[in-house]
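One letter stands for each residue in the lines below.
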Amino acid sequence: MTSRGVKGTQDILSPDVEVWRFLETTAARHFETYGFREIRTPVMEYTQVFTRSIGETTDIVEKEMYTFLDKGDRSVTLRPEGTASVVRSYVQNALHTRSPVQKLYYMGPMFRYERPQAGRYRQFHQIGAEVFGAADPKVDAEILLMLTELLSSLGLSELDCQVNSIGCPACRPAFREAVRNFFRSRLAELCTECQRRFDTNPLRIMDCKTPKCRELRTGAPAVLDHLDPECRSHFDRFTRYLELLHVPFSLNTNLVRGLDYYTRTTFEVIAAGLGAQNAVVAGGRYDGLVEEFGGPKTPAMGFAMGVERTVALIRERLIKENTPRVFITALGPSAEEMAMELASGLRRRGVSTELAYDGGSLKSQMKRADRSGAEYVLIIGDEEIERGRFPLRNMATKEQAELPRDQIVDHIAALP
Ligand code: HAM
């Protein structure tokens, strides 16, 4: 029997799990204020859902998918991201018939066979949001506003929100050719990955992280110079709205993203403190994807936040050890019974209460109470039962109150 989890996966334990829950509820509250509704899709899809949308020549599809044949010989894949599944569901359930604009959010596990390192896992979690049915850059700006407000309510207002536009299928081929022409004479010096990308997906050379490729792209053509007038106007209005809404951003003309479905707006939120895996949120527009799934022409835009990376940024500040309010020590059978009754009465009133289940001497129970971090200890022994008064000790101040039995629950529940 092995007692090791699968490489690249992790258990989320308390007190981290409380930070996760805080992040999830804060995000849900924010999204709902902006008119988003939750969608839950399965963690697995037919493989084509991802290959056709994310792109055959992307890292995700080429190297990172958990794909297997089910017992009926159908190729199934654990979702590597959320957007493709949401689009599949949008088309399958004809969500466009419900209202012309649909705003959906989701949260849950995603799976990519990547080399695990800090901030990069094989099972990781995303909180994402997608808007369907609006091409106007107001949507792009509003999504970034919603996101920056969420981040600042998490205490993360200093992050760098980088934006770009990668044009549309009409203007991108010319840019792709310009990129190829630029790198043709430098081909032998590119990393082997980028040499391959030169043929299959040359735009990806623009965001390769190896120092040599970074150096080689100095002076490379800038995508913004190759946008057609419609895409250029879309981008200009997008950035104007960002300024209007006071959303801080910076321009990163190398931001091409690793998924093929994007059109026009792309963006990433970068946290300097996270090391190599520093993208906390990423997203963009994908105006052609719904149609590719067989749905009506429907522009769309969204993002996904990496939960592990966001938690890494906020956990220090938010982590709270899960300590009980009250610990009850009990000596002797009748004291133990009384302790059980009181504990259940206190918990019913919302007071977190712990007991020394296995008994032991008063000294050892007091030690356990101390280690539990409880704010108060209630002491019940034969002597106290005889006197009918029970000491409640404040563990921080060491002050002690003597309470008659019938006042214990009310007294504790009313404590500030
Ligand atoms: P993505 O850039 O592949 O985009 O992932 C979004 C975020 O998920 C990343 O910025 C990162 O925070 C987190 N992430 C990705 N891979 C890992 C990993 N292996 N371990 C930990 N965190 C990871 C998408 O997935 C798009 N679906 C985003 C989107 C939504 N675009 C439009 N709508």
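Structure shown above.
Given the structure is predicted, the values throughout are model-derived calculations rather than measurements.

1. Here we look at the overall build of the protein
When its secondary structure is counted, the protein shows 15 helices and 16 strands. For 416 residues, the compact-globule estimate of 2.2 N^0.38 gives 22 Å, and the protein exceeds it by more than 25% at 28 Å. Counting only C-alpha atoms, the protein reaches 90 × 50 × 45 Å along its principal axes. Taken across its 416 residues, the protein has 51% of its residues classed as buried. Pairs at least 24 apart in sequence give 69% of the contacts found in the protein among residues at least 6 apart. Of note, the protein has its 55 positive side-chain charges centred 3 Å away from the centre of its 56 negative side-chain charges.

2. Here we look at the side chain of Arg 217
Within the fold, Arg 217 resides in the loop between α8 (211-216) and α9 (229-244). Asp 207 is the oppositely charged side chain nearest to the buried, salt-bridge-free Arg 217, at an N-O distance of 6.4 Å. Of the polar contacts made by the side chain of Arg 217, one reaches the backbone oxygen of Ile 205; its length is 3.1 Å. Look past the residues within four positions of Arg 217 in its chain and what remains in contact with it is Phe 182, Phe 183, Ile 205, Met 206, Asp 207, Cys 208 and Asn 254.

3. A closer look at the site of the ligand
Lining the immediate environment of the ligand, one finds 27 residues, of which Glu 81, Glu 114, Glu 130, Tyr 262 and Ala 279 sit closest. In the environment of the ligand, a nitrogen atom lies 2.9 Å from a nitrogen or oxygen atom belonging to the backbone of Tyr 121. With respect to the ligand, the side chain of Gln 126 contributes an N or O atom lying 3.0 Å from an oxygen atom. Here the ligand loses 96% of its free accessible area of 660 Å² to cover by the protein chains. Within the residue set of the shell around the ligand, elements represented by two or more residues are β6 (123-132), β10 (279-285) and β11 (300-306). Sort the elements by how many residues they give to the shell around the ligand and β10 lands first, with 6 residues. Per-class residue counts for the shell around the ligand are 13 nonpolar, 7 polar and 7 charged.

Procedures and definitions
Residues numbered from 1 in each chain as written. Predicted model: local features only at pLDDT ≥ 70, side-chain atom pairs only at ≥ 80, totals over all residues. Heavy atoms only, no water. Helix = DSSP H or I, 4+ residues; strand = E, 2+ residues; numbered from the N terminus. Rg over C-alpha atoms; globule rule 2.2 N^0.38 Å. Buried < 20%, exposed > 50% of the residue type's maximum accessible area, 1.4 Å probe, protein only. Contact = heavy atoms within 4.5 Å. Lys, Arg positive; Asp, Glu negative; His and termini not counted. Charge placed at Lys NZ, Arg CZ, Asp CG, Glu CD. Salt bridge = Lys/Arg side-chain N within 4 Å of Asp/Glu carboxyl O. Polar contact = N/O pair within 3.5 Å; in protein donor to acceptor, adjacent residues only side chain to side chain. Near = heavy atom within 4 Å. Areas by Shrake-Rupley, 256 points an atom, 1.4 Å probe, with all protein chains shown as cover. Nonpolar A, V, L, I, M, F, W, Y, C, P; charged D, E, K, R; others polar.

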